[in-house]
Amino acid sequence: MKKSEKISIVVGILLGLVLLGIFIALDIEPIEIVLFGLCMIISLFFIINIHEFGHYVFGKMAGYKLMSFRIGPLSWTVENEKFKFMILKSKDYGGLCAMIPPKEEIEQYKHTIYYIGGILFNLISAIIAILISFYTYGYVELFLIAFSITSFFTGVLNALPVMSGNSPSDGMIVWSILLKKPFANDLLRLNRLSAQVSHGVRPRDIEFEFDSEGEMNFTKVYFLFYSYFKALDSKNYSEVDYYIGLLEKNIDKIPEPILPGIYYEICFNYSIKEDKVNAEKNYKNAGNVLQKDMDLNGLRVKSYYEYYTNKNTQKALEYANRALQVVDKFPLKGQAIMEKELVKELIDKIS
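Note that the structure is predicted; figures quoted are calculated from it, not measured. (Residues numbered from 1 in each chain as written. Predicted model: local features only at pLDDT ≥ 70, side-chain atom pairs only at ≥ 80, totals over all residues. Heavy atoms only, no water.)

Draft legend 1. Local environment of the packing of aromatic side chains. Inspection of the entire model under this criterion finds 22 aromatic pairs. Note on phenylalanine 183 and phenylalanine 218: the rings are 6.3 Å apart at their centroids and 45° apart in plane angle, and the pair reads as tilted. Here phenylalanine 183, found in helix H6 (residues 182-198), pairs with phenylalanine 218, found in helix H7 (residues 218-233); they are 35 residues apart in sequence, far enough to count as distant. Comparing phenylalanine 183 with phenylalanine 218 shows no difference in burial state: the two are buried. A network of ring pairs unites the aromatic residues Phe53, Tyr56, Phe58 and Phe121 as a single cluster. (Phe/Tyr/Trp six-rings, centres within 6.5 Å; stacked < 30°, edge-to-face > 60°. Helix = DSSP H or I, 4+ residues; strand = E, 2+ residues; numbered from the N terminus. Buried < 20%, exposed > 50% of the residue type's maximum accessible area, 1.4 Å probe, protein only.)

Structure representation (structure tokens):
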């Protein structure tokens, strides 16, 4: 059993004991206990929204730019400078607020408040809900109490320094920054890489070190992904093959939010090699995220897939031309330069 699972069980037991004490103290009827449980389940949707909104508010204060917002299977993602709504399978996490750091290097405390924003909003909303409950009665009071308890424990659970699936909890990030642990240094380096690529530095020009030795962890996965893009942009195809192999080998350790993007690139490379079986397999693994993607990188992958795998030159050219029309709308300006060149290379080959 994972450490995060053990901690979740302990927190669940504590929550159960707190609720049992409340039920006994208030002499609550069995039907009210059932209603209380339903209120907790319903309130969880609002609590997750509040948590992610907390990240958004503090992220905006720190100069971050919103890229994706997810609540369970409900996803809003920036595509060609507009928000696109999708329903996606959700695993290992209940919500997501993905933001790009600002171009200018900012103080460490601003990164910290971005990561701690969700926890603070949960704790604040718990206090507000319980205070309002003093002036209500009946089912409204019941819901507010359930909301307050659920919100409080959600905040506490997120404040614990654990891994949730393949991703670190907010608490793990915040405590690592405050205690100046190596994990925090790697995370802040990743933030700088992301900021550079977002604001115009090509992948081949970013400078960082990637050590492939040892166990693949959260930060290593992202450094590996950047290493792949750097090799691809530098046309170092032997390194491209090496990094794609590492991504495939460690596919079960990749955080779910970036997993479709990993499948994009694996599909892309198998398409170029005209390995139809593996190209089709990874196109399918990327799911409807890739199928419905009309952003620059999605169109680039689909154009190569149509040309090399499906042998559909007309469709490949259609996707490639659509990709060139949205180059300026791609949020990662440095990557957009690489994407545009790859698309033009395919168009030249077709021509």
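There is more to say, and it comes next.
Draft legend 2. Just the sheet that holds strand S1 (residues 65-71), in detail. Spatial strand order, S3-S2-S1-S4: four strands in an open sheet with antiparallel pairing. Two strands lie at the open edges of the sheet, namely strand S3 (82-87) and strand S4 (95-100), each paired on one side alone. Each strand of the sheet is rotated relative to its neighbour by a mean of 20°, with strand direction disregarded. When S1 meets S4, the two strands line up antiparallel, connected through six bridges. Paired with lysine 65 across the strands is isoleucine 100, a residue of S4. (Pairing = 2+ DSSP bridges. Axes fitted to C-alpha atoms, helices over the stretch in contact; angles between N-to-C directions.)

Draft legend 3. Summary view of the environment of leucine 296. For leucine 296, the position within the fold is in helix H11 (residues 296-309). C-alpha of leucine 296 to C-alpha of isoleucine 350: the two residues are 54 residues apart in sequence and 19 Å apart in space. With sequence-adjacent residues up to four places away left out, leucine 296 is seen in contact with Asn80, Ala323, Val326, Val327, Phe330, Ala336 and Glu339. (Contact = heavy atoms within 4.5 Å.)

Draft legend 4. Focus on the pattern of salt bridges. Overall, the coordinates contain twelve salt bridges when judged by the stated rule. For the salt bridge of glutamate 107 with lysine 110, the shortest nitrogen-to-oxygen distance reads 3.7 Å. A salt bridge links lysine 273 to aspartate 241; the shortest N-O distance between them is 3.1 Å. Of this pair, lysine 273 sits in the loop between helix H9 (259-272) and helix H10 (276-291) while aspartate 241 sits in helix H8 (residues 237-249); the two residues are 32 residues apart in sequence, bridging distant segments of the chain. Looking at aspartate 241, the relative accessible area reads 38%, which means it is partly exposed. What you see here is one network of salt bridges that share partners, running through Arg202, Asp233 and Glu341. (Salt bridge = Lys/Arg side-chain N within 4 Å of Asp/Glu carboxyl O.)

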